[in-house]
Amino acid sequence: MRLNLEGKTSHRIPGGLPGVLGWPVQSQHPPPPPAGEVYYYLMPNGFYLLSSTGAPQLVGPAVVPPAIHAKLALTTDQSLPPKTDTLIAWTRAAWDTNGFYDATTPGQIQIKQGGTYALLCGLQFDRATQGVMEIIARKGSGTEIGRDSKTATPDRDTRVGIEIEDIFAAGETLEIYGSHTAGQPRNVKADTGSFCSLKKTG
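Here we summarise the structure given alongside this text. Remember, predicted model here, so these are calculated numbers, not experimental data. (Residues numbered from 1 in each chain as written. Predicted model: local features only at pLDDT ≥ 70, side-chain atom pairs only at ≥ 80, totals over all residues. Heavy atoms only, no water.)

1. What to know about the state of the cysteines
Then step 1. Using the criterion set out here, one finds one disulfide in the structure.
Then step 2. In this model cysteine 121 forms its disulfide with cysteine 196; the gap between the sulfur atoms is 2.1 Å. In this pair, cysteine 121 sits in strand β13 (residues 115-125) while cysteine 196 sits in strand β19 (residues 195-200), placing the two residues 75 residues apart along the sequence. A single burial state applies to cysteine 121 and to cysteine 196, both of which are buried. (Disulfide = S-S within 2.5 Å. Helix = DSSP H or I, 4+ residues; strand = E, 2+ residues; numbered from the N terminus. Buried < 20%, exposed > 50% of the residue type's maximum accessible area, 1.4 Å probe, protein only.)

Structure representation (C-alpha cells):
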C-alpha cells in the first residue's frame, strides 16, 4: 500500500500483528526510510510517521472504537387497541453492535453502556378514516423522553416519528409505545416506517 503525503511517498510497513483496519502492529520503530520518503506505521500506542531525517512522529490514536448502535424493526404487523399505550415488540435487529436487542424481551431496548444516545424511531400505522396516531418514547422507569402524533388520513398510511438525544445510564432500557384514537384496532405495519435506531454519541 502506497500513500501520497505532502508530496512524498509513504509506505505501510509490512509484518507484525493485525491492527485496526488491517494495519499491522509494529513492536518497535523501523529504521529510517530512504531519502525523500516517509513510513506510515502502527505501534501499540498509535499511528506514526517516520521520515529519513526526523524522529518518529505520533499522528493518531492506535484504536478507533467501533460504533455503538442498533436498528430494530418489525417483520409482522402489530395490532394496537384504541386509546391504549401499547409497547412495540420489535421482531428483528437489522444491526446491533452492543446487545441492544433481546428476543426474550423484545419491547425493552437494553442500554449496556451509559452515555448520550441519538434516537430516531418511527411507526407506520395503516390507513384509518379517523383518529390520531401517536408514538411515545419512554425509559424503562416510565420517564417520557419523546412523543409525536398525527391525524389519520383515509387515503394513506400515517407515519409518526421522533428524533431526540438523551442520556441513559448503563442498565436502563428504552421502550417505544404506539397509541391511537381510532374507534377500532389499528396495525403498526412491518414496513420501512416502523423502526427504532439508536447510536451512542457521547
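2. Structural notes on the pattern of salt bridges
Then step 1. Taken as a whole and assessed by the stated rule, the structure comprises eight salt bridges.
Then step 2. With its nearest N and O atoms 2.8 Å apart, the salt bridge here joins arginine 138 to aspartate 85. Here arginine 138 is found in strand β14 (residues 132-139), whereas its partner aspartate 85 is found in the loop between β9 (78-80) and β10 (86-87), with 53 residues between them in sequence.
Then step 3. Residue arginine 138 is classed as buried on the basis of its relative accessible area of 16%.
Then step 4. Since its relative accessible area comes to 36%, aspartate 85 is described here as partly exposed.
Then step 5. Connected via shared salt-bridge partners are Glu134, Glu144 and Arg147. (Salt bridge = Lys/Arg side-chain N within 4 Å of Asp/Glu carboxyl O.)

3. Some details on the nonpolar core
Then step 1. By size, the foremost hydrophobic cluster in this structure holds 32 residues, and its most contacted members are Trp90, Leu174, Ile176 and Leu198.
Then step 2. Elements supplying a minimum of two residues to this core: β8 (69-73), β13, β14, β16 (158-168), β17 (173-180) and β19.
Then step 3. When residues in this core are grouped by element, the largest group, five residues, is from β13.
Then step 4. Aside from chain neighbours lying at most four places away, what touches leucine 174 is Gly107, Gln108, Ile109, Leu119, Ala137, Arg138, Ile145, Phe168, Cys196 and Leu198. (Core = buried A, V, L, I, M, F, W, Y, C linked by side-chain atoms within 4.5 Å. Contact = heavy atoms within 4.5 Å.)

4. Considering the environment of glutamine 57
Then step 1. As for its position among the elements, glutamine 57 is in strand β7 (residues 57-60).
Then step 2. Taking the relative accessible area as the measure of exposure, glutamine 57 reaches 48% and is therefore partly exposed.
Then step 3. The sequence separation of glutamine 57 and phenylalanine 47 amounts to 10 residues, and the corresponding C-alpha distance is 8.4 Å.
Then step 4. Once you skip the residues sitting within four places of it in the chain, glutamine 57 turns out to touch Phe47, Tyr48 and Leu49.

5. Considerations on the environment of alanine 170
Then step 1. Tracing the backbone through its elements, the reader meets alanine 170 in the loop between β16 and β17.
Then step 2. The exposure class of alanine 170 is exposed, given its relative accessible area of 52%.
Then step 3. Each C-alpha atom of the pair alanine 170 and glycine 115 lies 7.8 Å from the other, and the pair is 55 residues apart in sequence.
Then step 4. Ignoring any residue separated from it by four or fewer positions in sequence, one finds alanine 170 in contact with Ile111, Lys112, Gln113 and Gly114.

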